[in-house]
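# Structure at a glance
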Amino acid sequence: MAMSSKQGKLFTEINITPLTDIFLVLLIIMMVIAPTFQSMDNSISIPEINSGISIEQKNATVSITKTGLMYINGREINPDTLVDELTALKPTLEKPEVVVKADESVKSSEILKVMDAAQDAEFKKLIVAGEPLSKKEQRTLEDNNAKQKKGA
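Residues numbered from 1 in each chain as written. Predicted model: local features only at pLDDT ≥ 70, side-chain atom pairs only at ≥ 80, totals over all residues. Heavy atoms only, no water.

### Digging into the sheet that holds strand β6 (residues 97-102)
Strands belonging to one sheet form pairs held by backbone hydrogen bonds; the direction of such a pair is parallel or antiparallel. Taking strand neighbours across the sheet as the criterion, the five strands line up as β5-β4-β3-β6-β7 in an open arrangement whose pairing is mixed. Strands at the two margins of the open sheet, each flanked by one partner only, are β5 (75-77) and β7 (125-128). For this sheet the average axis-to-axis angle between neighbouring strands, irrespective of direction, equals 25°. (Pairing = 2+ DSSP bridges. Helix = DSSP H or I, 4+ residues; strand = E, 2+ residues; numbered from the N terminus. Axes fitted to C-alpha atoms, helices over the stretch in contact; angles between N-to-C directions.)

Right, here's the structure in full:
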């Protein structure tokens, strides 16, 4: 809407002061209300999601405990003979894949040794399991190995 001034000229500018006041009031209201949205989210329990694909147990599984013991499919082996063990196991597998399960405290260099051994044994795929080797699994592996040594 054009307004005329005393000199007969049209006044075509819009006064934005009331518009600015309205936006400031809306901003203050949102700043006051926003924390209540966050407090309502605390009552919601988000379900756990297992991402990734399941690992088939038909592969060669190399397990490393936190003490550094190494197992292939539950049988304790000497880390120096890992390449030979993997090479001997390869013909019995459906897929030439190695799964590495290691405790979270195992150094990366130990896992790299398994990777190198799998490459030397000409395995095409290596899977590093996302979960660390649990204490229960470590005890089970060590107990099974102890029973095998007593039986031999």
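Moving on, there is more to tell.
### Notes on the packing of aromatic side chains
All chains considered together, the criterion is met by zero aromatic pairs. Lying over the aromatic face of Phe123, Lys90 brings its terminal NZ or CZ to 5.6 Å of the ring centre. (Phe/Tyr/Trp six-rings, centres within 6.5 Å; stacked < 30°, edge-to-face > 60°. Lys NZ or Arg CZ within 6 Å of the ring centre and 35° of its normal.)

### Points about unusual backbone geometry
A positive phi angle, close to 50°, is found at Asn73, a residue other than glycine. By the secondary structure assignment, Asn73 is in the loop between β4 (70-72) and β5. A positive phi angle, near 65°, is found at Glu122, a position not held by glycine. Structurally, Glu122 is set in the loop between α3 (108-120) and β7. Using a relative accessible area of 54% as the deciding quantity, one classes Glu122 as exposed. (Buried < 20%, exposed > 50% of the residue type's maximum accessible area, 1.4 Å probe, protein only.)

These values are about where atoms sit, not about what they do.
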